[in-house]
Amino acid sequence: MKIVLASHNPGKMKEMSTILAAFGVELVLQSDLGMHIEVEETGTTFRENALLKAQAVMKATQMPAISDDSGLMVDALNGAPGVYTARYGGEGLSDTERYRLLLSALTGQTNRAAHFYSCIACVFPTGEVLTAQGVCDGTIAFAPIGEDGFGYDPIFFVPKLRKTFAQMTAEEKNSISHRAKALAAFHSEFEKYCREKNIHVDK
Ligand code: IMP
């Protein structure tokens, strides 16, 4: 089945197309359709924002659309930046400037516990909706480590693998990340949906 991705973030695109391909989903990029839909994230929850993005893209393309809304929740900051992770520090900052700002906000803080959260939403032209979520627990490193990945990857440390996301291979990150877990949960919902609708999906 072809599903349009409601995101322009190259890091998300790469992770989602790899994982979804294994489920028999062919991810179509908006650029493949000559489209570039920007959706204002006015929701107050990850789920609301994920739905806003998927719904807008489904309406524009009349194809099933899938989105991810994700963010970082830091215990010592009472769960911030949360849904505002992409805008942390205001408009116009680079990923590096944003994570450096987060590191300064935690200067002298010994409680480094943090959680990456992802909500996946898939909306079909019939109006039917599937959502799923995933969380990855970790800590905020004291300094950035690693070269790979995107966004806050260099400062998100996962004790289980003793690495930051930016030090992991794509396979390692996709085995434990918030997005991979949300997509695995989405897969169960999607299989159930396809069975009910008698839709055959090749793997
Ligand atoms: P969204 O596009 O509104 O969902 O924003 C997600 C924010 O969280 C962006 O700032 C991303 O860089 C960040 N983010 C989400 N997932 C990851 C990840 O896996 N690694 C690093 N940063 C991430």
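Structure shown above.
Below is a short write-up of the structure. (Residues numbered from 1 in each chain as written. Predicted model: local features only at pLDDT ≥ 70, side-chain atom pairs only at ≥ 80, totals over all residues. Heavy atoms only, no water.)

1. A few points about the site of the ligand
Heads up, the condition is: Here, proximity means that at least one heavy atom of the residue falls within 4 Å of the molecule or strand. Nitrogen and oxygen atoms within 3.5 Å of one another constitute a polar contact, given that in protein one can donate a hydrogen and the other can accept it, and given that sequence-neighbouring residues count only through two side-chain atoms. Areas reported here follow the Shrake-Rupley algorithm with a probe of radius 1.4 Å; residue values treat only the protein chains shown as occluding. Here a strand is any run of E in DSSP of at least two residues, a helix any run of H or I of at least four, and the numbering for each starts at the N terminus. Each residue receives one of three labels: charged for Asp, Glu, Lys and Arg, nonpolar for Ala, Val, Leu, Ile, Met, Phe, Trp, Tyr, Cys and Pro, and polar for the others, Gly being one of them.
Around the ligand, the structure places 16 residues, and the nearest of them are K12, E41, D153, K173 and R179. Between Y152 and the ligand, the recorded distance is 3.1 Å, taken from a backbone N or O atom to a nitrogen atom. Contact distances for the ligand include 2.7 Å between an oxygen atom and a side-chain N or O atom of K173. Within the complex, 93% of the 490 Å² of free accessible area of the ligand lies under protein. Among the elements of the structure, β3 (65-74) and α5 (178-197) are those that each provide at least two residues to the shell around the ligand. Element by element, the count of residues in the shell around the ligand is highest for β3, at three residues. Tallied by class, the residues present in the shell around the ligand amount to four nonpolar, four polar and eight charged.

2. Observations regarding the pairing of strand β5 (residues 129-140)
Applicable threshold: In this description, strands pair whenever DSSP reports at least two bridges between them.
As paired strands, strand β4 (residues 113-123) and β5 are joined by eleven bridges and run antiparallel to one another. Bridging from a neighbouring strand, I120 pairs with A132 of β5. Between β4 and the antiparallel strand that follows it, β5, lie five residues; G127 among them carries a positive phi value of about 95 degrees. As judged from the two bridges shared by β5 and strand β6 (residues 156-158), these two strands associate in the antiparallel manner. What sits directly across from T139, in β6, is F157.

3. Structural notes on the nonpolar core
Most often, soluble globular proteins have nonpolar side chains that are buried together. The following threshold applies: Among buried residues, those of type Ala, Val, Leu, Ile, Met, Phe, Trp, Tyr and Cys that are joined through side-chain atoms within 4.5 Å constitute a nonpolar core. Any residue under 20% of the maximum accessible area for its type is buried, any over 50% is exposed, and the rest in between are partly exposed; the area is computed with a 1.4 Å probe on protein chains only. Contact definition: two residues touch when any of their heavy atoms are within 4.5 Å.
Judged by nonpolar contacts, the single largest core of 22 residues is most densely connected at M16, L20, I66, L183, F186 and F190. Discounting residues that sit within four places of it in the chain, F186 has contacts with L20, I66, I120, C122, L130 and A132. The next biggest cluster of nonpolar side chains, apart from the first, holds 18 residues, and it includes L72, L103, C136 and I140.

4. Quick notes on the sheet that holds β3
The cut-off we apply is this: Here the axes come from fitting lines to C-alpha atoms, over the contacting stretch only for helices, and the angles between their N-to-C directions go from 0 to 180 degrees.
One open sheet accounts for seven strands, arranged β2-β1-β3-β4-β5-β6-β7; its pairing is mixed. For this open sheet the edge positions go to β2 (26-28) and β7 (163-164), each flanked by a neighbour on one side alone. Against the sheet, helix α1 (residues 10-21) contacts β1 (2-5), β2, β3 and β4, and its axis sits at roughly 120 degrees relative to β3. The sheet strands contacting helix α2 (residues 46-61) are β1, β3, β4 and β5, and the helix crosses β3 at an angle near 160 degrees.

5. What about the environment of H36?
Relative to the assigned elements, H36 resides in the loop between β2 and α2. Residue H36 is classed as exposed on the basis of its relative accessible area of 52%. Counting along the chain gives 29 residues from H36 to S7, while the straight-line C-alpha distance between them is 9.1 Å. Not counting chain neighbours up to four residues away, the residues in contact with H36 comprise H8 and Q30. Within the structure, H36 has its side chain in polar contact with the side chain of E38 (distance 2.8 Å).

6. Quick look at α2
The test is simple: Here, expected helix span is obtained from the residue count minus one, scaled by 1.5 Å.
Taking 1.5 Å of rise per residue, the 16 residues of α2 would be expected to cover 22 Å, and the 23 Å separating its terminal C-alpha atoms lies within 8% of that figure. Elements that come into contact with the buried residues of α2 comprise β1, α1, β3, β4 and β5.

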